[in-house]
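# Observations on chain architecture
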Amino acid sequence: MNEPRKLHLEKISRAERSEDQSALRAAFADALRELPDDPVVLGKWADYMFGIGEKDIARQAVRKAFSLTRDNQHHLKMALCDKMYVMGMQKIAAKSLPKLISSERTQETLVRIKILSAGRDEISVRQACEQLVERAELEPEQWREISRLALNCGNPAVAVKAFLKCIKLADAPPKDLARLVVLHIENNDLESAWRVLKDLPREVLQQPDMLAVKGTCLRKRGQKTEAVKAYLQLLDHWPSNPTAWSGLANLADKGDLPGLVTRCEDILNGNQAGGDNAISLWYALGLMQERLHRTREAFESYSRANSRVHERYASKGRAYDAKKVEQVRARVTGWFTGDMFEPQPAEVSASQPIFIVGMPRSGTSLLERILASLPEVRAGGESKALALVATGHHQDVLRKHAPEPRALDSEAWQAMASDYWNATWVQGRFVTDKLPQNYANLGWGMKMFPTAPIIHLKRDPRDIGWSIYKRFMRVTFAYATKQESMAHAIRQCEDYMDYWKSVAPGRILTVQYEDLVQNPESMTRKITEFCGLEWKEACLSPEKLDIPSFTLSEQQVREPINTKGLGRWKEYEEFLQPMIRALDEYGLLT
């Protein structure tokens, strides 16, 4: 600290301790007269003015202080950003945050997370949580909150690590053990989830929290009968439990559905479930009615659920914004031009992702299991790795913390590729990556992995839309609640894929889902040839693959390849006219 500043701050501190307001004002006046452009003095002045109610002066002072900081004053920048946040300038604080560095103090990273969470910057929150987990010492409740934030930001691996820091497995209560199992499942680690469950005493497993996660774990392991039993036991303890109703709607025998429908209707009509629980029950009721071919009743139940979800998203300012989605697409495609993609090299790298993209419910889970039936291919599931790397760089570019993709050299792309593998939970010679919405991130994917096969799954958009409409989707898929929004989202996916195919010809194979299930041998031969793999008979029997499924298609993929999913929208055609008209206007119906 320079000497004049030190002297003035000591004088200000003495005045503060004496509680002599006139002396304090005089001390600040002297300091500002001699050091008008000192960011530390200005920050201190801003605190004082805010404390006495002069909030506009305080905000001006802290913004000026930040503008006077140097690039190497990271800790000071973080302190001033915290002041901005406290003074009600959350957006300015978020934009002003310096780039996360390894030497950032724990308390500063907690401040960063607070500011970024207010601005819903999930990518940057994720990065900050990762850094804390690796090096910080926090109180148990702080770790619990970091675990929650990491999961919400799409990083279940960090969520697991943070949660393990806040509990002691030997004497953890059932509620915490249930939470740990959920986190393992979210992290696609069914083995660890089951290991926690199987070591528990029987009396603990019969508690409601444990029955819920036990049912989910059994369901994902394909143990249908045992899962149904666990869900029914759970309803005896908690009649409106959403996990139990979701599981039973999918797994219960058809003969048991009429009784379950009546039971679910009684709960909803009696207002015995509220909030998210009620929404989940409306979706479950719709599915049970659909399985019984009660068409009108099913659509009405799904519509009630979607209306409630839309209202919730809209109240939080997170409803689907078509204009914003188009702006992001224009920006991303503008960053990647045809001259950035060289012809695909003949030599394949040692570890290779196989990207499977398209709209949700387009058949990506089936295709992944087909490929994973081959011995050299491992199923990576809906890995967030590419999305995390791509969106992280995207945000850094917008904050001017990183150059645009065109300006990156080969070493930078290799570093991103390394980040990608570090973020995946599966390693191998070929690893499928079937996060459908990666269609928006393929510019990064193709630059990081010049030889990676990319398969674009397409399906009748009416089947896609109807399948999505029936499910409680995360806010990432806010379009799912409105028929017209679903049509717009499908159009955006097509626009992205048309662009990638135009700038990187030959890199992407388009596969029509209807062709895949109607002509499985010819189509799987074509797909394996495109991926540089040797076709085997196992490709025709993906249902025999003994791996868990963590997606919405977990039950369908356990069946042999079939055409049962084709044209399901037709039974609901009269109710889907808003979506069908919009799809036609977008030129998506041929």
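Every chain begins its residue count from 1, and numbering advances along the sequence as written. Local features in this predicted model are restricted to residues whose pLDDT is 70 or higher, and side-chain atom pairs enter the listing and the counts only when it is 80 or higher, whereas totals over whole chains, interfaces and linings include all residues. Processing note: side-chain calculations cover all non-hydrogen atoms of the structure and skip hydrogens and water entirely.

## What to know about the overall build of the chain
We count it as follows: Secondary structure elements are taken from DSSP: a helix is a run of H or I of four residues or more, a strand is a run of E of two residues or more, and numbering for both begins at the N terminus. Between the two quantities, the radius of gyration covers C-alpha atoms and the globule rule is 2.2 Å times the number of residues to the power 0.38. When accessible area is computed with a 1.4 Å probe and restricted to protein chains, residues below 20% of their type maximum are described as buried, those above 50% as exposed, and intermediate ones as partly exposed. Contacts: residue pairs with any heavy atoms within 4.5 Å of one another. Exposure was quantified through the Shrake-Rupley algorithm and a 1.4 Å probe, taking into account, for residues, occlusion by the shown protein chains and nothing else. His residues and chain termini do not enter the charge count, which takes Lys and Arg as positive and Asp and Glu as negative. Here the site of a charge means atom NZ of a Lys, CZ of an Arg, CG of an Asp or CD of a Glu.
Scanning the chain from N- to C-terminus turns up 29 helices and five strands. Its C-alpha atoms give the chain a radius of gyration of 27 Å, near enough to 25 Å, the size a compact globule of 590 residues would have. By its C-alpha atoms, the chain is 85 × 60 × 50 Å across when sized along the principal axes. For the chain, buried positions account for 52% of its 590 residues. Taking all contacts inside the chain whose residues are at least 6 apart in sequence as the whole, residues at least 24 apart take part in 70%. Total accessible area computed for the chain in this model is approximately 27400 Å², and 48% of it derives from carbon and sulfur atoms. When the 83 basic and 78 acidic side-chain charges of the chain are each reduced to a single mean position, those positions are 2 Å apart.

## Considering the state of the cysteines
One way to say it: the disulfide is the covalent bond shared by the sulfur atoms of two cysteines. Here is the rule: Disulfide: a pair of cysteine sulfur atoms within 2.5 Å of each other.
Inspection of the entire model under this criterion finds zero disulfides. With no disulfide of its own, Cys-81 lies 18 Å from the sulfur of Cys-129, the closest cysteine sulfur. Note on Cys-166: no disulfide assigned, nearest cysteine sulfur contributed by Cys-129 at a separation of 13 Å. Residue classification places Cys-166 among the buried residues on the basis of a relative accessible area of 12%.

## Some points on helix H12 (residues 190–198)
Under the convention used in this document: The arc in question is the one spanned by the directions pointing from the helix axis to the C-beta atoms.
Residues of H12 that are buried: Leu-190, Ser-192, Ala-193, Val-196 and Leu-197. Relative to the axis of H12, the buried residues are bounded by an arc of 165° and lie together on one face. Along H12, exposed side chains directed more than 90 degrees from the buried face belong to Glu-191 and Lys-198. Buried positions along H12 lie against helix H11 (174–186), helix H13 (202–205) and helix H14 (208–220).

## A few points about the packing of aromatic side chains
Note the cut-off: Any pair of Phe, Tyr and Trp rings, taking the six-membered ring for Trp, is counted once the centres come within 6.5 Å. Such a pair is stacked with planes under 30 degrees apart, edge-to-face with planes over 60 apart, and tilted for the rest. Our definition puts a charge over a ring when NZ of Lys or CZ of Arg is within 6 Å of the ring centre and also within 35 degrees of the ring normal.
In this structure the tally under the stated criterion is 25 aromatic pairs. Measuring from centroid to centroid gives 5.7 Å for Phe-299 and Tyr-469, while their planes differ by 20°, and the two rings are stacked. A residue pair is termed long-range when its members are at least 10 positions apart, and Phe-299 in helix H19 (residues 295–315) and Tyr-469 in helix H25 (residues 461–469) qualify at 170 residues. As far as burial versus exposure is concerned, Phe-299 and Tyr-469 are alike and both buried. Three or more aromatic residues joined by ring pairs make a cluster, and in this case those are Trp-335, Phe-336, Phe-341, Tyr-439, Trp-444, Tyr-496, Tyr-499 and Trp-500. When the ring centre of Phe-66 is taken as reference, the NZ or CZ atom of Lys-77 above it lies at 4.8 Å.

## Some points on the nonpolar core
Here is the rule we go by: By nonpolar core we mean a set of buried residues, namely Ala, Val, Leu, Ile, Met, Phe, Trp, Tyr and Cys, connected to one another through side-chain atoms within 4.5 Å.
Among the nonpolar cores identified, the biggest contains 96 residues, and Trp-444 and Trp-500 are the most heavily contacted of them. Looking at this core, the element that brings in the most residues is helix H26 (residues 483–503), giving nine residues. Discounting chain neighbours no more than four positions away, the residues touching Trp-500 are Val-332, Phe-336, Tyr-439, Ala-440, Leu-442, Gly-443, Met-446 and Ile-508.

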